[in-house]
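The lines below spell out each chain.
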Amino acid sequence: YQQIYATNNPASNSTQFVAIVNNAHLGGTITFEVYSVLGKLLWNKTNDIFSTTITQNWNLCTNNSIPLPKGMYLYRAILNSPVGKEEMKTQRIIIK
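Source: prediction; values computed, not measured. (Residues numbered from 1 in each chain as written. Predicted model: local features only at pLDDT ≥ 70, side-chain atom pairs only at ≥ 80, totals over all residues. Heavy atoms only, no water.)

Engineer: Summarise the packing of aromatic side chains; cite the residues concerned and give the values.
Structural biologist: One pass over the structure, following the stated rule, counts 5 aromatic pairs. Between Phe-17 and Trp-58, the ring centres sit 5.7 Å apart and the planes meet at 20°, which makes this aromatic pair stacked. Placement of the pair is Phe-17 in strand β2 (residues 15-20) and Trp-58 in strand β5 (residues 53-58), with a sequence separation of 41 residues. Per residue, the accessibility class of Phe-17 equals that of Trp-58, and both read buried. Seen from their ring centres, Trp-43 and Trp-58 are 5.8 Å apart, and the 40° between their planes marks the pair as tilted. With Trp-43 in strand β4 (residues 41-48) and Trp-58 in strand β5, this pair connects stretches of sequence that are 15 residues apart. Residue Trp-58 is classed as buried on the basis of its relative accessible area of 2%. Through pairs of rings, three or more aromatic residues link up here, namely Phe-17, Phe-32, Trp-43, Trp-58 and Tyr-75. (Phe/Tyr/Trp six-rings, centres within 6.5 Å; stacked < 30°, edge-to-face > 60°. Helix = DSSP H or I, 4+ residues; strand = E, 2+ residues; numbered from the N terminus. Buried < 20%, exposed > 50% of the residue type's maximum accessible area, 1.4 Å probe, protein only.)

What follows is the structure, encoded as C-alpha cells:
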C-alpha cells in the first residue's frame, strides 16, 4: 500500500474510498469493508485492480441498503496480489 483514504470524512451523504497501490498489485483484487466500532461487518465491495489508483463509491448504507446512523466507523482495504500476498490497512470514518 502507498495510501488509503476517504474523500469525504466526515461524510454526510456519500464518500469515495481511494487506494493507491504499487504495480505489484495489478491483476489482483481489492476489497473495501466498513465495520461498526464493535467489529460487525456492515458493507463490502470487491474489485479487480487494473490501475495503481482504485476508487469505490459508498452511499453510507449497509449491504442491505439500510442507511447508517451518525457515528464513527472503521473502513479497511484488503489487497490480494496476483501471487496471493494479502495486505490490509484500516482507517476511521465519521458519518455526520
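Engineer: Can you break down the sheet that holds β2 residue by residue, with the values?
Structural biologist: Spatial ordering of the open sheet is given by β1-β2-β5, a layout of 3 strands whose pairing is antiparallel. A strand with exactly one partner marks an edge of an open sheet, and here the two such strands are β1 (3-6) and β5. Averaged over all adjacent pairs, the angle separating strand axes in this sheet is 10°, with direction ignored. When β1 meets β2, the two strands line up antiparallel, connected through 4 bridges. Residue pairing for β2: Gln-3 is matched across the bridge by Ile-20. (Pairing = 2+ DSSP bridges. Axes fitted to C-alpha atoms, helices over the stretch in contact; angles between N-to-C directions.)

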